[in-house]
Structures are given as C-alpha cells and as structure tokens.
Amino acid sequence: MTQVNKIEIGTLAQFKDVTLISHPDFAINRGVDVDVAIGKVMKVGEPYRFMENRIVRVLRGAIRISVNLREYLIAEGEALYIGQNSVVEILGYASNSVVDLLGFTLQVEDDNIKEEYLVGREGESWMEEYFRLIYTISATKPFDRRCVEHLLLSLHYRIVDSIKSSHYSKGRREELFRSFIEQLNAHHGKYGLTFYAEMMNISPQYLSRLVFEVSGISASDWINRAVILQAKLLLRSSQLSIEQIAEELHFSTTPYFCRFFKREVGVTPSKYRITHK
C-alpha cells in the first residue's frame, strides 16, 4: 500500500507542549496559540492524512481548512469534527487565533465517522463542557481511562445526532453531492464521471448537473481537485517515482500527468517534490 504523510495520535507525544495530554488512543490540547503551533506538526498549504477522529474548536480568531476537498471557515465559537482517515490541509488563519484540539479513536469501530461536520455556535456551551471534563479527568492521577472513553463516545453521539438532523433538513440533492465527494475521496479522483455516477446509481448527466447546481463547481473540476490532492500527498511522502505516480493515478502517459499537474498547481511535479520534501 502506498504510504502518504500521516498524523497519528501516537506521534504527538514527541512534541514538548505542557498543555498537551497524550495517551495511546487519544490526545487533547487546550488553548493552543496557532501562530506558535503552525509548523510543529502541520504546515499551511500542505495536505496530511489524519488517521483518527479530530475535533478543532476555535476559541479566538478563525481558521480556514480543507477536509476531503471541502473548504470550511471555522469562526470563533465553532468546531469542526473531522472523521478518521481524512485528508486535511490548513489554508490560512487569522493572527492570534487560539484553538482546542482533540484526537481520539472509538472503542466501537463501527461508530467512527468518515466525513466531517461543522458544529455551529449553538453547540459552544456543551462542547466546552465535554472538553473541560475530558481534559480534567485526563490530567488526574491515577488516570481513569474508562471515564474518558465514555465521555468521548458521548461527545461523538451528540455530534452524530446533530449530523443526522442536518442531513435530514438538507434533502436528497445535498446528500447526493456529499456522496459524490465521499466517492472522490475514496478513489482519489482516479476515474471519470461515469464511474462515480454508476457507483451512485444515477446518470452521468444528472450527476453533472446536480454537482454544479449544488456547489457552483463542475464535476470535472472536483475530480481534478481530488487527483491533485492525492498527487501532492504521493509526491511529498512516498518513494514512488513520478512515472509510478502517473500510473497510480491512471494517467495514460507521464508527460500528460506532468502537464496536468503544472497547469493546476503552477509548478512541475519534480519542482513540487523538491520544495515540499
């Protein structure tokens, strides 16, 4: 299996931060100064794959972030729940921004989500209570793992209930669009529109029209975004040659892949690999 840049909870313990509490299957950090933290684990404009669930709460300022091709502006008082195995890229942030960060795996594997959800300011008070309790109990000795596990599961279900309510109100078209994006992420945009339409049991013409009407962006542009995202991940953190990456992404020839990448990114794959290693 091709390896790409991954961020796992287990690797966070190496970063010396007095506010970070890290255990094998979860980590929590409160009151993080984004100006100081950027560059330690993630860099702006570079994609990473998160292997476990994450929650980012913005306490002050704002952060613009891309998760699985979708862009979010998380403002003060809001939080973003990011599902496991998501590709995440920080696009920008306001100076002096402060965030809470939580990463965790769930004991019931089937409960893990594989998408993301923005929790608005209406959830600020109960989200704060969960973070406060989890942090306090995690810092207590002896550490009660079972208590934290139940809190994480409770927080997860509270958010999932909100997701279900939101999905119900959005209707069929929004759900089909989300399904299209999920399929793009699962297959890294390797295939054409017909493939995704067949996966969703609808016609290519209907999918094309629906995607543009819902997002204002054509389906082909979404597919290109997915391909570029995976190409960046492979160029940065795999040992595959450019020829192998072109083949992995189903390009007919390496020169075609190189022209496509330069058109979309502005530099050749070789240049990108050198400057982002």
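You'll find the structure just up there.
A. Quick peek at the side chain of Glu 116. Its location among the elements puts Glu 116 in strand β11 (residues 116–119). Of note is the side chain of Glu 116, whose polar atom sits 3.5 Å from the side chain of Asn 68. For Glu 116, the residues in contact, after removing those within four places along its chain, are Val 67, Asn 68, Arg 70, Tyr 72, Tyr 81, Ile 82, Gly 83 and Arg 178.

B. Quick peek at the pairing of strand β7 (residues 70–75). Burial of β7 is one-sided: the residues Arg 70, Tyr 72 and Ile 74 facing one way are buried, the residues Glu 71, Leu 73 and Ala 75 facing the other way are not. Where strand β6 (residues 62–67) meets β7, six bridges bridge the pair, whose relative direction is antiparallel. Within β7, the position partnered with Ile 63 by the bridge is Ile 74.

C. Region of the structure containing the sheet that holds strand β2 (residues 20–23). If you walk across this open sheet you meet the six strands as β2-β3-β10-β5-β8-β11, and the pairing is antiparallel. At either margin of the open sheet sits one strand with a lone partner, and together these are β2 and β11. For this sheet, the mean angle separating the axes of adjacent strands, direction not counted, is 10°. Note: strand β5 (residues 53–60) against strand β8 (residues 79–82), four bridges, orientation antiparallel. Residue pairing in the sheet places Ile 55 in a bridge with Tyr 81 of β8. Sheet strands touched by helix α2 (residues 124–139): β2, β3 (26–33), β5, β8, β10 (98–104) and β11. Its angle to β3, the strand with the most contacts, is close to 115°.

D. View of the side chain of Glu 78. Checked against the element boundaries, Glu 78 lands in the loop between β7 and β8. Buried charge Glu 78 goes without a salt bridge, the closest partner of opposite sign being Arg 121 at 6.8 Å. Of the polar contacts made by the side chain of Glu 78, one reaches the backbone nitrogen of Ala 75; its length is 2.9 Å. Contacts of Glu 78, omitting those with residues within four sequence positions, involve Val 56, Arg 57, Val 58, Leu 73, Leu 118, Val 119, Gly 120 and Arg 121.

E. Molecular detail of the nonpolar core. Counting residues in each nonpolar core, the largest one holds 22 residues, and the members touching the most others are Ile 55, Leu 102, Phe 104, Met 127, Ile 134, Leu 155 and Ile 159. Looking at this core, the elements with two or more residues in it are β3, β8, β10, β11, α2 and α3 (145–170). Among the elements that take part in this core, α2 stands out by supplying six residues, more than any other.

F. Structural view of α2. Spanning 16 residues, α2 covers 22 Å between terminal C-alpha atoms, matching the ideal 22 Å at 1.5 Å per step. Along α2, the residues that are buried comprise Trp 126, Met 127, Tyr 130, Phe 131, Ile 134, Ile 137 and Ser 138. Taken around the axis of α2, the buried residues stretch over an arc of 145°, which confines them to a single face.

G. Spatial organisation of helix α9 (residues 254–265). The terminal C-alpha atoms of α9, which comprises 12 residues, lie 16 Å apart, in line with the 16 Å expected from a rise of 1.5 Å per residue. The complete set of buried residues in α9 reads Phe 257, Phe 260 and Phe 261. On an axial view of α9, the arc spanned by its buried residues comes to 100°, and they lie on one face. For α9, the exposed residues lying more than 90 degrees away from the buried face are Arg 259 and Arg 263. As for α9, its buried residues are in contact with α7 (219–237), α8 (242–248) and α10 (269–276). With its phi angle positive at about 100°, Gly 266 sits one or two positions after the end of α9.

H. Expanded view of the environment of Ser 203. Assignment of secondary structure puts Ser 203 in the loop between α5 (193–199) and α6 (204–215). Residue classification places Ser 203 among the partly exposed positions, given a relative accessible area of 33%. Within the structure, the side chain of Ser 203 is placed 3.1 Å from the backbone nitrogen of Tyr 206, a separation counted as a polar contact.

I. Structural view of the pattern of salt bridges. Overall, the coordinates contain 14 salt bridges when judged by the stated rule. Two residues, Glu 128 and Arg 57, come together in a salt bridge whose shortest N-O distance is 2.9 Å. In this pair, Glu 128 is assigned in helix α2 and Arg 57 in strand β5, connecting sequence segments 71 residues apart. Given a relative accessible area of 26%, Glu 128 falls into the partly exposed group. One salt bridge connects Arg 70 with Glu 116, and the closest N-O pair in it is separated by 2.4 Å.

Conventions adopted
Residues numbered from 1 in each chain as written. Predicted model: local features only at pLDDT ≥ 70, side-chain atom pairs only at ≥ 80, totals over all residues. Heavy atoms only, no water. Helix = DSSP H or I, 4+ residues; strand = E, 2+ residues; numbered from the N terminus. Polar contact = N/O pair within 3.5 Å; in protein donor to acceptor, adjacent residues only side chain to side chain. Contact = heavy atoms within 4.5 Å. Buried < 20%, exposed > 50% of the residue type's maximum accessible area, 1.4 Å probe, protein only. Pairing = 2+ DSSP bridges. Axes fitted to C-alpha atoms, helices over the stretch in contact; angles between N-to-C directions. Lys, Arg positive; Asp, Glu negative; His and termini not counted. Salt bridge = Lys/Arg side-chain N within 4 Å of Asp/Glu carboxyl O. Core = buried A, V, L, I, M, F, W, Y, C linked by side-chain atoms within 4.5 Å. Expected span 1.5 Å × (residues − 1). Arc of directions from axis to C-beta.

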